[in-house]
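Listed below are the residues making up each chain.
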Amino acid sequence: IDDIAFQRIDLRLATRLLAMADGDTVRATHQQLATELGTAREVISRALSEFQRRGWVEQARGEVRLIDRPALQNLIQNPER
């Protein structure tokens, strides 16, 4: 509950993507990710769009491909950056 209430959504999303990845692919819709993380689909869509803009992920229908795992791990480990 503390994670949902107090941790930033970008950190929660990065953590969940890394945990769900089968190889470099996460097979989940934005709605599924939103439900798991306790937020709105639109919030997930914005966060994933930012991750894609930074070159960390690529999005396709029903899946997210992890392009830069180290960047996602760095976000989790160094959230102030």
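Before reading on, note that the structure itself is shown above.
Rules used throughout
Residues numbered from 1 in each chain as written. Predicted model: local features only at pLDDT ≥ 70, side-chain atom pairs only at ≥ 80, totals over all residues. Heavy atoms only, no water. Helix = DSSP H or I, 4+ residues; strand = E, 2+ residues; numbered from the N terminus. Rg over C-alpha atoms; globule rule 2.2 N^0.38 Å. Buried < 20%, exposed > 50% of the residue type's maximum accessible area, 1.4 Å probe, protein only. Contact = heavy atoms within 4.5 Å. Pairing = 2+ DSSP bridges. Axes fitted to C-alpha atoms, helices over the stretch in contact; angles between N-to-C directions. Core = buried A, V, L, I, M, F, W, Y, C linked by side-chain atoms within 4.5 Å.

Asker: I'd like a rundown of the overall build of the chain, residues and numbers included.
Answerer: Scanning the chain from terminus to terminus reveals five helices and three strands. The N-to-C order of helical and strand elements in the chain reads α-α-β-α-α-β-β-α. Rg of the C-alpha trace for the chain: 12 Å, near the compact-globule value of 12 Å for 81 residues, within the 12% margin. For the chain, the C-alpha atoms occupy an extent of roughly 30 × 25 × 20 Å along the three principal directions. A total of 81 residues make up the chain; the buried ones form 32% of that total. In the chain, 52% of the contacts between residues at least 6 apart in sequence involve partners at least 24 apart.

Asker: Please provide a residue-by-residue account of the sheet that holds strand E1 (residues 25-26), values included.
Answerer: In space, the three strands of this open sheet follow the order E1-E3-E2, with antiparallel pairing throughout. The open sheet terminates on both sides in strands that have one partner only, identified here as E1 and strand E2 (57-60). Helix-sheet contacts for helix H4 (residues 41-53) involve E2 and strand E3 (63-66), and the interaxial angle to E2 is about 125°.

Asker: Can you lay out the nonpolar core for me, pointing to particular residues and giving the numbers?
Answerer: Formed by 22 residues in total, the largest nonpolar core has its most connected members in Leu13, Leu17, Leu48, Phe51, Leu66 and Leu72. Going through the elements one at a time, helix H2 (9-20), helix H3 (30-37), H4, E3 and helix H5 (69-77) are the ones with two or more residues in this core. When residues of this core are assigned to their parent elements, the largest contribution, five residues, is made by H2. Excluding residues within four positions of it along the chain, Phe51 makes contact with Asp10, Leu13, Ala14, Leu17, Trp56, Val57, Leu72 and Leu75.

Asker: Provide a residue-level description of the environment of Leu17, including the pertinent values.
Answerer: Position of Leu17 among the secondary structure elements: in helix H2. Leu17 sits in the buried class, given a relative accessible area of 0%. Spatially, the C-alpha atoms of Leu17 and Val64 are 8.3 Å apart, while their sequence positions differ by 47 residues. Aside from chain neighbours lying at most four places away, what touches Leu17 is Val26, Leu33, Leu48, Phe51, Val64 and Leu66.

By themselves these figures say nothing about function.
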